[in-house]
Amino acid sequence: MLLTIEGLLSTDEVAALRDELSGAAWKDGAETAGTRSVSVKQNLQLGVTDPQAREWGNGLLSKLGRNPTFISASLAEKIFPPVFNLYQDGGHYGCHVDSALMRVPQADITIRSDISATIFLSEPDEYEGGELVVETEYGAQEVKLPAGDIVLYPSNSLHQVMPVTKGQRICAITWIQSAVADTPARSMLFDLDQSIQSLSVGRDKQDPDVDRLIHVYHNLLRRWAQV
Ligand SMILES: O=C(O)CCC(=O)C(=O)O
Ligand SMILES: [Fe+2]
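Residues numbered from 1 in each chain as written. Chains lettered and ligands numbered in written order. Predicted model: local features only at pLDDT ≥ 70, side-chain atom pairs only at ≥ 80, totals over all residues. Heavy atoms only, no water.

An unreviewed UniProt entry lists the protein under the name Fe2+-dependent dioxygenase, with Alteraurantiacibacter aquimixticola given as the organism.

Spelled out as structure tokens, the structure:
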């Protein structure tokens, strides 16, 4: 499931974050690449060990934690502290799948990456190239979203960031361990939840049909969730 959520951050929130990031001490992203992906990764990064990045990342985590679509789609159990990426001068990230297990530095936590997420912090007209290309069961999909939007995709999908040939592409990325690791199961739960939400509108609070669907939702979640 490849899902985009519009307006996770408002225009003002993006502007404030961009302002802070403009003075940040960016590091070579190759330092944090896995042994194989190091050969395909060319960007600048602000990692979890940077106290300021940690603080800005926490701001993003609280936005995610309050977004109903994100909550319903991800069923997040654990979220990796967001990392900030900057691509420029041909910077790119070649085709890869994300590492399955990610240890959170300075914390005794390991996260299994079920879902990968990119929060776009540059407007599409600020840079050329830089599309996030994700292989899906229906073929490759190119993603280049307005600043403040987020895309979620399964971490086991092959994906790449095309070279940024002009301007700068700044984004935040994170990985989510979901209570439901299986993508098709999680996707069905999301569809069911979305339908329950829209069917509930204008109906009695105790509508028996909506109630039955809610019971089905929870009983499927009980069957599939691992916590
Ligand atoms: O910048 C992006 O949109 C994704 C980057 C990526 O795939 C990664 O850092 O693993
Ligand atoms: Fe990736």
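### Observations concerning the UniProt feature "domain: Fe2OG dioxygenase" (unreviewed entry) in the protein
With numbering matched to this structure, UniProt assigns "domain: Fe2OG dioxygenase" (unreviewed entry) to residues 78-178. Strand forms 60% of residues 78-178 and helix 0%; the C-alpha atoms that close the span are 7 Å apart. (UniProt positions renumbered as here; feature names shortened; annotations may be inferred. Helix = DSSP H or I, 4+ residues; strand = E, 2+ residues; numbered from the N terminus.)

### Quick look at the environment of Leu158
Relative to the helices and strands, Leu158 is located in the loop between β14 (150-154) and β15 (159-161). Classification of Leu158 by relative accessible area gives partly exposed; the value is 42%. Along the sequence, Leu158 and His96 sit 62 residues apart, while their C-alpha atoms lie 5.3 Å from each other. The residues contacting Leu158, other than those within four sequence positions of it, are Cys95, His96, Val97, Val133, Val134 and Glu135. (Buried < 20%, exposed > 50% of the residue type's maximum accessible area, 1.4 Å probe, protein only. Contact = heavy atoms within 4.5 Å.)

### With respect to the packing of helix α4 (residues 183-200) against helix α5 (residues 208-224)
Where α4 contacts α5, the two axes come as close as 10 Å, and the packing angle between them is 160°. Considering their axes alone, α4 and α5 lie roughly antiparallel with respect to each other. Relative to α5, α4 is oriented so that their crossing is left-handed. Of the residues in α5, those touching α4 at Ala185, Met188, Leu189, Leu192, Asp193, Ile196, Leu199 and Ser200 are Val210, Leu213, Ile214, Val216, Tyr217, Leu220, Leu221 and Trp224. (Axes fitted to C-alpha atoms, helices over the stretch in contact; angles between N-to-C directions. Parallel < 35°, antiparallel > 145°, perpendicular 65-115°, else oblique. Left-handed = near helix turned anticlockwise from the far one by under 90°.)

### Brief notes about the pattern of salt bridges
Considering all chains together, one arrives at six salt bridges under this definition. Where Arg112 meets Asp114, a salt bridge forms, and the shortest distance between an N and an O atom there is 2.8 Å. Notably, a salt bridge pairs Arg203 with Asp207, separated by 3.5 Å at the nearest N-O pair. The class of Asp207 is buried, set by a relative accessible area of 13%. (Salt bridge = Lys/Arg side-chain N within 4 Å of Asp/Glu carboxyl O.)

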